[in-house]
Amino acid sequence: MDSPQVVADIREAVRSRARSATDVCRDALARVAALNPALNAFNTVVTDRAIARAEAIDRDPDRWRDAPLAGVPVAIKDNLCTRGVRTTASSRMLEHYSPPYDATTVARLESAGAIVIGKTNCDEFAMGSSNENSAFGPVRNPWALDRIPGGTSGGSAAAVAARIIPLALGSDTGGSIRQPSAMCGVVGLKPTYGRVSRYGLIAHASSLDQVGPIATRVRDAAVALGVIAGGDGADATTASEAVPDYGSALTGNVRGTRIGVPRRLLEQGVDPDVARAFFAALDVLASRGATLTDVELPHARYAIPVYYLVSTAEASSNLARYDGVRYGFRAKGSREDGPARAARADGDEASLQAMYGRTRACGFGPEVKRRIMLGTYVLSAGYYDAYYLKAQQVRTLILRDYEQAFDCERGVDAIAMPTSPVPAFKIGERVDDPLQMYLADVFTVSANLTGLPAISVPCGFSAGTLPIGLQLTGRRFDEPSLLRLADAYERDTEWWKQQPPIA
Amino acid sequence: MSLRYEPVIGLEIHAQLLTESKIFCGCSTAFGADPNTHICPVCIGLPGALPVLNRRAVDHAIRAALALGCTIQETSIFARKNYFYPDLPKGYQISQYERPLAVDGFFDGVGIIRVHLEEDAGKSLHEGFVDSDRKTYVDYNRSGVPLVEIVTRPDLRSASAAADFFSRLRETLVWLDVNDGNMEEGSLRCDANVSVRPEGTVPLGTKAEVKNLNSFRFLQKALEHEIARQIEVLGEGGRVVQETRLWDAVAGRTVSMRSKEEAHDYRYFPEPDLPPLVVDAARVAAIRAEMPELPDARRRRFVEQYAVPEYDAGQLTQSRALADYFEATIAAGAAAKPASNWIMGELARKLKEIDARTTPSPLPPERLAGLIALIEKGTISGSIAKDVFEKMFATGRAAGDIVAAEGLTQISDESQIVGLIADVLAKNGDAVAQYRAGKTATFGFLVGQVMKAAAGKANPKRVNELLREALGA
């Protein structure tokens, strides 16, 4: 197996024909074969399709000469649809489901020359913070196999961290790209809501979900964002704003860039190692000329309850389609296993309801069911105003806090926080305590509630072995500032070059 | 003694909008295709699929709302109506709830509460398969077909008034090309909210919602039955239960479907996959400017402008195409009343014969005007004109051409007619004698003989006059 590479190196090697795309692809597949048994990062490996695509690139180098990801092997979170390739959302409900179409982001990666080598494990329907809620078992953190990789894009983060592939797609509803990226020591970017198409992303919470890249370094995330970003006629919530050249934002110059630090928010519940690494990272940026300033985010402390009201409400509706009627899992044990018998005027409502009940009871895991119940409750007549509506109102207040921090006189360009208050915990450690688990998202959910872009970059290790992430949140569509800051930080540090022992 | 009760009725009408493609995807809306052939990831709710609003559906809905006198809201919001049913692929219907497209209308004497956009569901097929006793199949071709829901105020006071209103509404929607009016195929559907209250009182009684009223006759019968049922319940000292009832056309009665307690909690919330629908004033103005004259206005104008009788105006506005045809005929030079007579008479008969209704008529209005002009000028007689009409209809040739080619021009040379009369009188001495003896009915016989001799081409009026002169001499 070849040593791990970054996107630009692979692309250059393929372009100059120093290496064939097929060779690169076979290497990546060999690394999956070698490492996945320990990591469980992949639900599906797509050997034949990947090699066929790589061969096609090798056959027609002219066509792919300017493709930004020509020959780059990538992994796709298993909640993004891939035509003809099993897409499970790590749920038993979709264990054998193969979509008839590609997600827009997948199609864009492939048109840029990327080779999809597999679908990565995640929390079921992207619900969780540890990747333990997968019907196919937890993903293991490449830095410590007895620990979680973070969630929900744990498989993508672990696969990148283990240098199986240099780039993967994840999705982020409450931190699902950034938190596992932090815990696995890689770069993860959640773009502005509407920057990247959600078409083909299996919905968790539609107003919060956003697809984004996970990479070993900032430059690669910038390339990938440039490829997947932009309006999509198939997603009415995408923005028509032009996509800037993210690469040209990586100037290394952050002199005068103002970074806000919500110190009061960090006073409690942050692991001491995380706090130390976080403040050390701020010093690095300051020494490059960035200005640090305190900001207040008075409503941020409500972010977790608001998030779990809004996201569960939307999820309860988004997951209603998994009813056993058209596709996916249907529970056996009904009078027959053929198509469901619908309610009829002569009365067969009961058998239909029973089919729904059994299918959803057996097809969904416990966390998904917990959230469907929560979400159904908060939308119910008599509770809607007190929960869902109130949550949406507070959501607006949280957004105003951020706008105030960005737009006031001497406003900041980015707000810094640790990505996760704690490093990766042990598998099983928090599974019986959903509230404790939800608190792992305390610093990440605000970016989803506000729709703002946020990036996590590696900024050190806890006790020498567990990665820690620095999170930067920016203005709407100001991914360039985030990438510039993160890239500048990366230039002055070596964290991103650290590889887990397993790699 | 028993109280007299007054029914109070409001309608909820669902009308499919006549767009080529569905409301949130590009699939065809054509009716009658093989099951599940007009479907895609969006309209069967595959994981990851997202809705994108069809602009034309919005335009149609605005047109309907304007015709119903509604105010179009600048911002309306799509919402999810959540419930489980096999024909509802996403487990929710995208509709509008708190902020509908249009509000506060008034049409045909009835207040309109709201007009909103939503998607239709698929269709459960309970019958027609060999295993229908065990299985239900679902056809998703209809899933995602655009609908407007029109909700009236409870302003209707009888079953027949409700049926009349629904009929006027249907006429208008069809007139606007917003809906095809086809109730059998389900493209226009109606539910009714019905209550009764003692005559002269104000508070509303407890209502029942009656569903499945897919024809005017069913609507009226179901309402009549439901009103009678509620009055009977109250008359026996009982209470009307708030519930949803289904019209059973075979049994001729409404039956309880579900009570208020069993009613769905639809858990409406704003649809996060669609931005708010913004319709600016300019768009509304543009649509309003292009709105056709509505049937009522056109009826009144026909009476005023063309001095046709009310009856004619009503007949001529049975459809927009027919009314257009009438006006085009006039524009081509025909006088209004003859045009009206020909359109309501011969044309309607022929169109019915070929089952073409009115569009497109195989006979262009200019041709009909040409025929009428020949009659007015006296070139052909009325009876000849009917033959010419048949030929025109069949061949599309101009009336003048047919008349010329077949030598049907009326005999205008009086000496020729006088000659024919002389022949007839010479050959029918008996009849002439009877006439002169006072048996005036014989006159008609003699006219017939002259016309026959003229092969129908003589002007009957002139024949009358000349024959009277000849007999008087």
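Refer to the structure above for everything that follows.
Computed from a prediction, not measured in an experiment: that's the story for all the values here. (Residues numbered from 1 in each chain as written. Chains lettered and ligands numbered in written order. Predicted model: local features only at pLDDT ≥ 70, side-chain atom pairs only at ≥ 80, totals over all residues. Heavy atoms only, no water.)

*Asks:* Give a description of the sheet that holds strand β7 (residues 258-261) of chain A that names residues and reports values.
*Replies:* Residue and element names in this part refer to chain A. Across the sheet, eleven strands lie side by side as β1-β3-β2-β4-β6-β5-β10-β11-β9-β7-β8; this open sheet has mixed pairing. For this open sheet the edge positions go to β1 (42-45) and β8 (291-294), each flanked by a neighbour on one side alone. Averaged over all pairs of adjacent strands, the angle between their axes in this sheet comes to 30°, without regard to strand direction. Bridge analysis of strand β10 (residues 454-462) against strand β11 (residues 466-474) gives seven bridges, and the strand direction is antiparallel. Across the sheet, residue Ala 454 finds its bridge partner in β11, namely Thr 473. Taken strand by strand, helix α5 (residues 104-111) contacts β2 (73-77), β3 (115-120), β4 (167-172) and β6 (210-215), and its axis lies near 180° from that of β2. (Pairing = 2+ DSSP bridges. Helix = DSSP H or I, 4+ residues; strand = E, 2+ residues; numbered from the N terminus. Axes fitted to C-alpha atoms, helices over the stretch in contact; angles between N-to-C directions. Contact = heavy atoms within 4.5 Å.)

*Asks:* Can you lay out the packing of aromatic side chains for me, pointing to particular residues and giving the numbers?
*Replies:* Residues and elements named next belong to chain B. Here the structure, examined in full by the defined rule, presents 32 aromatic pairs over all chains. Each ring, one from Tyr 97 and one from Tyr 268, has its centre 3.6 Å from the other, and the planes form 5°; the classification is stacked. Of this pair, Tyr 97 sits in the loop between β5 (92-96) and β6 (102-107) while Tyr 268 sits in the loop between β14 (253-259) and β15 (269-270), placing them 171 residues apart in sequence. The class for Tyr 97 is partly exposed, based on a relative accessible area of 39%. Take Tyr 268: its relative accessible area is 19%, and that puts it in the buried class. Positioned over the ring face of Tyr 92 is Arg 80, at 4.0 Å from the centre of the ring. Directly above the aromatic system of Tyr 266 lies the positively charged group of Lys 81, at a separation of 4.4 Å from the ring centroid. (Phe/Tyr/Trp six-rings, centres within 6.5 Å; stacked < 30°, edge-to-face > 60°. Buried < 20%, exposed > 50% of the residue type's maximum accessible area, 1.4 Å probe, protein only. Lys NZ or Arg CZ within 6 Å of the ring centre and 35° of its normal.)

*Asks:* Which residues make up the interface of chain B and chain A, and what are the values?
*Replies:* The interface is formed by 38 residues belonging to chain B together with 47 residues belonging to chain A. Carbon and sulfur atoms supply 56% of the area buried between chain B and chain A, which totals about 3400 Å² over both sides. Considering only the side of chain B, the residues that lose the most area to chain A are B:Pro47, B:Phe84 and B:Arg267, jointly responsible for 19% of the buried surface there. When the shortest N-O distance is used, the salt bridge between A:Arg198 and B:Asp273 registers 3.0 Å. Counting every contact that joins chain B to chain A gives 18 residue pairs in polar contact (both at pLDDT 80 or more). (Buried area = accessible area lost by both parts, 1.4 Å probe. Salt bridge = Lys/Arg side-chain N within 4 Å of Asp/Glu carboxyl O. Polar contact = N/O pair within 3.5 Å; in protein donor to acceptor, adjacent residues only side chain to side chain.)

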